[in-house]
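What the coordinates show
This is what each chain is made of:
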Amino acid sequence: MTLMARMRCGMVAVLVCAAGLQAGDRKDKPKPAGAQMVDSGSFGVFVKGQRVVTETFSVQQDNGVSIVKSQLKETGGSAGQKSSLQMTGSGELVRYEWSDGSGALVVTPNNEFLLEKITTASSSKPAEKPFLMPSTAVILDNNFFVHRQVLAWRYLATNCRTESGTQKCQQGALDFAVLVPQDQTSMSVRMELVGREKISIRGTERELLRLNLKGEAFNWALWVDDKDQFKLMRVLIADDNTEVVRD
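All values reported here derive from a predicted model rather than from experimental measurement.

How each quantity is defined
- Residues numbered from 1 in each chain as written.
- Predicted model: local features only at pLDDT ≥ 70, side-chain atom pairs only at ≥ 80, totals over all residues.
- Heavy atoms only, no water.
- Core = buried A, V, L, I, M, F, W, Y, C linked by side-chain atoms within 4.5 Å.
- Buried < 20%, exposed > 50% of the residue type's maximum accessible area, 1.4 Å probe, protein only.
- Helix = DSSP H or I, 4+ residues; strand = E, 2+ residues; numbered from the N terminus.
- Contact = heavy atoms within 4.5 Å.
- Phe/Tyr/Trp six-rings, centres within 6.5 Å; stacked < 30°, edge-to-face > 60°.
- Lys NZ or Arg CZ within 6 Å of the ring centre and 35° of its normal.
- pLDDT = per-residue confidence, 0-100.
- Lys, Arg positive; Asp, Glu negative; His and termini not counted.
- Salt bridge = Lys/Arg side-chain N within 4 Å of Asp/Glu carboxyl O.
- Polar contact = N/O pair within 3.5 Å; in protein donor to acceptor, adjacent residues only side chain to side chain.
- Pairing = 2+ DSSP bridges.

**Some words on the nonpolar core**
Counting residues in each nonpolar core, the largest one holds 51 residues, and the members touching the most others are Y96, M191 and L211. Ranked by the residues each element gives to this core, the list is headed by helix α3 (residues 145-159), at 8 residues. In contact with L211, not counting residues within four places along its chain, are A152, Y155, L156, M191, E192, L193, V194, W220, A221, L222 and V224. In this structure, I201, A221, W223 and V245 belong to the second largest nonpolar core, which totals 7 residues.

Structure, rendered in structure tokens:
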């Protein structure tokens, strides 16, 4: 099975479906039980060259549900925000949770809406806010760069195909409906493939695929490794003097 076939299998559902790929490669091989790890690691967030936050994350699949977990830790501090994103095999939201020790929120589908419930230390019961959005809308919460990796996978699965064993990607832009739970707001973002670029990461030159991610008030550059399951390797937010690098 080609790398693009592996990518498309999982990213039609946004993520790599590891268990299904293994079963598909060998028909007589029994399907493994339990969760299958797709990706794990950490991102260092650097402002003006100084590490300020480390994001530790994991991406796995369990019984047809993709689970993306992340936790942020400030340099020299304790663990702070954490999130958990669950999606079905077709990319539909099952549940999103976020907390930071003083408050929490949950987003779940509710008919044609996404329903967000917000709990604070001073509230006796959660406040509710509905968004008229499909369950396939993208969760792109503040500060979690693994969510940007998931969006990149989704874009590439839609925009790339394999012809005669060769990967071909259109360089057109795609728009995505996005929910930012911490801001309690929805928006549209645009992702576009720029092409291959040679960049330096921790002093080593790498040739990676560059994607541009744009919104009404931001413009980010992302680089993914097409030789390693299109993992996110670097993010540059030039306007904020911020760089994010996979450790």
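**Section: the packing of aromatic side chains**
Taken as a whole and judged by the stated rule, the model has 3 aromatic pairs. Over the ring of W223 we find R234; its NZ or CZ atom is 4.7 Å from the centre of that ring.

**Observations concerning the confidence of the model for the protein**
When pLDDT is averaged along the protein, the result is 86; 85% of the residues meet or exceed 70. In the model, residues 1-31 has pLDDT below 50 throughout and makes 62 contacts with residues more than four positions away in sequence or in other chains.

**Describing the environment of E205**
Inspection of the secondary structure assignment puts E205 in strand β14 (residues 204-215). Since its relative accessible area comes to 60%, E205 is described here as exposed. Sequence-distant contacts of E205, that is, excluding residues within four places in its chain, are made with K198, I199 and S200.

**Details of the side chain of R148**
With respect to the helices and strands, R148 occurs in helix α3. For R148, which is buried and forms no salt bridge, the nearest opposite charge comes from D141, at a distance of 7.0 Å. Here the side chain of R148 touches F144 through a polar contact of 3.0 Å, landing on its backbone oxygen. With near-sequence residues (within four places) excluded, R148 lies in contact with L140, D141, N143, L213, W220 and L222.

**Some remarks on the pairing of strand β12 (residues 173-180)**
Two elements, strand β9 (residues 138-139) and β12, share 2 bridges in a ladder whose sense is parallel. Residue pairing across strands places V138 opposite V178, the latter belonging to β12. Alignment of β12 against strand β13 (residues 185-201), held across 8 bridges, turns out to be antiparallel. Paired with F176 across the bridge in β13 is V189. Joining the antiparallel neighbours β12 and β13 is a turn of 4 residues, in which Q184 adopts a positive phi near 50 degrees.

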